[in-house]
Structure formats: structure tokens, C-alpha cells
Amino acid sequence: MSNKIVLKAEDLDGYLTSQDMADLARLDEMFKETMKSFDPVDKDKIIEGYDKMGHEMHAICRNHPQIKVYSFETDVQAQAEASRVISKLRDARTDHQEFMYYSQRAYEMLFRMAYTSQKTDQKGHIIVKTPVTYPVQNYAVHKIPSIDHKIHNTVMCVMLRGALLPSMIVSKEIEEYSSDSYLTPFALFKISRNDSKNENNMEYVLDLDKSFFKLDQLDGKDLIFADPMNATGGSLVTVVKYLQSQGVKPKSIAFFNTISTLKGSIRVTRALANCTCYTLWMDPVMNEKAYIMPGLGDAGDRLNGCDTKECPRNIIQLLADYGHNISSLYRSQMFEIERTVLG
């Protein structure tokens, strides 16, 4: 007998204020005006339109301190790096291997924004034994930020497929930055959207037989979700609300996205207490099917390849399909996930 729970999504627009609705409506009109320059292509008008929307979103986000957008929070040089990374992820010509590479870049940048600060972090040291042994064994010293207090209570929460590799990347960064190579526990949720529903009556299906998590290991923890895209915010809010209904009280929630919509970010931070959204890039709107525009397509398929309805892969098969380069680079994370799944 299937052990699935149907989770009805809340009306997340109920969390939006009248000012939020006015801000979102203004952006929607700006994007519609810009789309007029898509066909035929008028590059000058497109650049002008996106420049105006960027300034508008930046101004709106100043009133939402729990929304951290990399291109708004960093200096000009870092913004240029983000632009290059996101442009490669958007490009339909970017193949699977490149997409994985630029996703790694994106999440490494997001981690630094979220957890390291040159102004407030104390300095730690790494002493490295090098391959140079003549005339004596050589060692090197490197300074790193001391952030154990920020990361030692974290748990990686994975809403499967598209979120799997990004979660492994963030976990790897935590391991590398901690003084004792802290390895995050993993909580794995098999959740899918009921595509017969629309945003107004959306349902999510949580398959407990294919999920792997323990409620007591999540209570009081700093929960991290790393999903490439945040469109509506519905899946995250629905999963967290389910956990809360089961008695889990997170200490904090961090949501890492390559791309998010302004609407999705506002909804998440208004619906969930002590939640911060970190996103590399913010897109202005969604279409009628709740797809991000201009977006980057289906990030899960571009990271993992497409499943067939007849033979969907389980999480161990996804790990195997990543190949040797990923398995060797994220060896600790893969072992931890395998231990979580296989016991």
C-alpha cells in the first residue's frame, strides 16, 4: 500500500501586504512592456527594460531584509561574476556538464554571501602539509573565517531531483569551512506537485516510502534548503508547514536559489518565521503556468537529465548517474546520503 500524503498548499498570497501586491503589479507591467521588444528583437529596448526592472527590484528588496540577492548585496566586480554565471545557466546552448559546473559556481558564491563576512568573522587558520619534503617537510598557513558557530547546527533538507546536487555543494562548502570538517546530516523528501492543479488550489504529494528523514533530527536545527529555482515558494512552505505540524520547531530556515522570483521570495519570508532567502539572481515575474520568466528552463532536468514516467530513478540511481567526477569531489556527501537511504 502506497504511503503518500497529500499536502494542500496554503493561499500564499494571503501573506502579501497591499504594498507587496502593488510592487508586484508594477513589475508585471514593466515586464509586459519589455516583452514587446522580444519579437522583433530590439536589443536597446530590452537592455533598457531590464535595467529599469533591476533597479525597481533592488529598491523593493531594501524593505525585505530577509531577502538577500547576490547581485544586490555585493560589489560591482562580484555582480559581474554573477551575471556571467547566470547567463551561462540561462543559455539553451549550455550542455549538461557545463550546467553542472556553473551550478557549482553559483552555490559556492551563495554560500560565501550567506556565511562569511570580512567585517564580523573572526579569523581561523588552516595548517597544510604540502608535497614538498626537501630539505624538510614543508607546511603552509592559510587564514579562513571562523564560522563554526554558524554551521555546526545545520541539516541539509533535500526536495529531490533538482535540489540534490545543489544540496551536496552547500554541504561540501560547510565541510570545507568548518574547523573539524563538519558533515551535515541529510533529510530527503520525495515531494511532487500535482500538475492537474493550478496555483490557486495547488497540492503537493509527499511520498513517505521514498523519503528519508527523522523528525527528532530536524527539531531545533538550522534547516538549509538548496533548490535551483523558487517560483511560487509553495513547495518549501508546504514541506516546512508539514514538519511544523509534526512537532518540528526549526531554529532557522535558509533557502538557497540560483534564480527566484520576487513574489516567491516575499511569500516564503512572510509565511515562515526566521527564514532567509538567498538567491544569486532575481527574475521579475511568472507566467500563467507559474514558470519563472525569463527563467532558465527545468533546472532539475538540466542537472540530472530527464526521467521517463515508466522508469523514474531513485536517489541512489541519480547519484550513480552523476559520474566519477562528482562522486569523487563530493565523496563525503554521497556516503552520508547513501547511509541515510540505505541505513
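The shown structure was predicted, so the numbers you read here are calculated from the model rather than taken from an experiment. In this convention, every chain numbers its residues from 1, walking through the sequence in written order. Selection of residues for local features in this predicted model requires a pLDDT of at least 70, selection of side-chain atom pairs for listing and counting requires 80 or more, and totals for whole chains, interfaces and linings are taken over all residues. The basis for the side-chain values is all heavy atoms of the structure; hydrogens and waters are excluded.

Undergrad: What's the story with the overall build of the protein in this structure? I'm lost.
TA: Helix and strand labels come from DSSP, where a helix needs a run of H or I of at least four residues and a strand needs a run of E of at least two; each type is numbered from the N terminus. In terms of regular secondary structure, the protein is built from 13 helices and 14 strands. What you see for the protein is a C-alpha radius of gyration of 21 Å, in line with the 20 Å of a compact globule of 343 residues. With respect to the three principal axes, the spread of C-alpha positions in the protein is 70 × 55 × 35 Å. Pairs at least 24 residues apart make up 70% of the contacts formed inside the protein by residues separated by at least 6 positions. Treating the 41 positive side-chain charges of the protein as one cloud and the 45 negative ones as another, the clouds have centres 2 Å apart. Radius of gyration here is computed from C-alpha atoms only, and the compact-globule reference equals 2.2 Å multiplied by the residue count raised to the power 0.38. We call two residues in contact when some of their heavy atoms are within 4.5 Å. Residues scored as charged are limited to Lys and Arg (positive) and Asp and Glu (negative), so that His and the chain ends carry no count. By convention, the point assigned to a charge is CZ for Arg, NZ for Lys, CD for Glu and CG for Asp.

Undergrad: How should the pairing of strand β6 (residues 186–189) be read in this particular structure?
TA: Two faces, one strand: in a regular strand the side chains alternate between the faces of the sheet. Three labels apply to residues, based on accessible area from a 1.4 Å probe with only protein chains included: buried if under 20% of the type maximum, exposed if over 50%, partly exposed otherwise in between. Side chains Phe186 and Leu188 project from β6 onto one buried face, and the interleaved Ala187 and Phe189 project onto a second face that is buried too. By convention, orient the strands away from the viewer: a clockwise path from the first strand over the helix to the second makes the crossover right-handed. For the crossover from strand β5 (residues 154–159) across helix α7 (residues 164–177) to β6, the handedness is right-handed.

Undergrad: Which parts of the structure should I look at to understand helix α5 (residues 96–115)?
TA: Three- or four-residue spacings in an α-helix give side chains the same orientation, since the helix completes a turn every 3.6 residues. Expected helix span is computed as 1.5 Å times (number of residues minus one). Compared with the 28 Å implied by 1.5 Å per residue over 20 residues, the 29 Å span of α5 between its first and last C-alpha is a close match. In this structure Asp95 caps α5, since a side-chain oxygen of it lies 3.4 Å from the backbone nitrogen of Gln97. Here a polar contact is recorded for every N or O atom pair within 3.5 Å, except that within protein the pair must consist of a potential hydrogen donor and a potential acceptor, and residues adjacent in sequence are included only if both atoms are side-chain atoms.

Undergrad: Even after reading the chapter, I still don't get the sheet that holds strand β7 (residues 191–193), so can you show me in this structure?
TA: Note on sheets: strands pair through backbone hydrogen bonds, and any given pair is parallel or antiparallel. In spatial order, the strands read β1-β8-β7; together these 3 strands make up an open sheet with antiparallel pairing. Both edges of this open sheet fall to β1 (4–8) and β7, since each of them pairs with a single strand only. Each strand axis lies, on average, 25 degrees off the axis of its neighbour in the sheet, ignoring direction. Where β1 and strand β8 (residues 203–207) come together, 5 bridges link them in antiparallel fashion. Bridge pairing links Lys4 to Asp207 in β8. Lines fitted to C-alpha atoms define the axes here, with helix axes fitted over just the stretch in contact, and angles between the N-to-C directions of these axes take values from 0 to 180 degrees. Its contacts with the sheet place helix α8 (residues 234–245) against β1, β7 and β8, and it is angled at close to 55 degrees to β8. When DSSP finds two or more bridges between a pair of strands, those strands are recorded as paired.

Undergrad: Help me understand the nonpolar core in this model?
TA: Most often, soluble globular proteins have nonpolar side chains that are buried together. With 56 residues, the main nonpolar core has Tyr115, Leu164, Met168, Phe256, Leu280 and Ile337 as its most contacted residues. Looking at this core, the element that brings in the most residues is α5, giving 11 residues. Ignoring any residue separated from it by four or fewer positions in sequence, one finds Leu164 in contact with Val158, Ile315, Leu318, Leu319, Tyr322 and Ile337. Residue types Ala, Val, Leu, Ile, Met, Phe, Trp, Tyr and Cys, when buried and joined through side-chain atoms within 4.5 Å, form a set referred to as a nonpolar core.

Undergrad: Sorry, what's going on with helix α11 (residues 315–322) here?
TA: Within α11, the full set of buried residues consists of Ile315, Leu318, Leu319 and Tyr322. Looking straight down α11, one finds its buried side chains confined to an arc of 100 degrees; they lie on one side. Its buried side turned inward, α11 meets α5, α7, β6, α10 (299–304), α12 (324–329) and α13 (331–342). At the N-terminal boundary of α11, the capping side chain belongs to Asn314, with an oxygen 3.1 Å from the backbone nitrogen of Ile316. This arc is built from the directions going out from the helix axis to the C-beta atoms.

Undergrad: Honestly, the packing of aromatic side chains in this entry has me stumped. Any pointers?
TA: One pair of aromatic rings is described through two measures. These are the centre distance and the angle between the planes. We call Phe, Tyr and Trp rings a pair once their centres come within 6.5 Å, taking the six-membered ring for Trp, and we label the pair stacked below 30 degrees between planes, edge-to-face above 60, and tilted otherwise. Taken as a whole and judged by the stated rule, the model has 8 aromatic pairs. Between the aromatic rings of Tyr101 and Tyr102, the centroid separation amounts to 4.8 Å while the plane-to-plane angle is 75 degrees, which identifies the pairing as edge-to-face. Given a relative accessible area of 42%, Tyr101 falls into the partly exposed group. On the numbers, 5.2 Å between centres and 45 degrees between planes, the contact of Phe111 with Tyr177 is tilted. Here Tyr177 lies in helix α7 and Phe111 lies in helix α5, a separation of 66 residues in the sequence.

Undergrad: What should I look at first to understand the environment of Arg339 in this one?
TA: By secondary structure assignment, the location of Arg339 is in helix α13. On the accessibility criterion, Arg339 (49% relative accessible area) is partly exposed. Separated by 289 residues in the primary sequence, Arg339 and Tyr50 place their C-alpha atoms 46 Å from one another.

Undergrad: So what exactly am I meant to see when it comes to unusual backbone geometry here?
TA: Note: most peptide bonds trans; most residues except glycine with negative phi. Cis geometry marks the peptide bond from Tyr134 to Pro135; its omega dihedral reads 0 degrees. Summarising the element assignment, Pro135 is placed in the loop between β3 (122–129) and β4 (139–146). Residue Pro294 is bonded to the preceding Met293 through a cis peptide linkage, with omega at 0 degrees. Take Pro294: it is sitting in the loop between β14 (292–293) and α10. We note that Asn274 has phi near 55 degrees; this positive angle belongs to a residue other than glycine. Inspection of the secondary structure assignment puts Asn274 in the loop between α9 (262–271) and β12 (275–283). One non-glycine residue, Ala290, lies in the positive phi region at around 65 degrees. In this fold, Ala290 is placed in the loop between β13 (285–286) and β14.

Undergrad: When you look at the side chain of Arg161 in this model, what are you seeing that I'm missing?
TA: In this structure, Arg161 sits in the loop between β5 and α7. Other than its neighbours up to four places away in sequence, Arg161 contacts Gly300, Asp301, Asn304, Gly305, Asp307, Arg313, Leu318 and Tyr322.

Worth remembering: the numbers are spatial, not functional.
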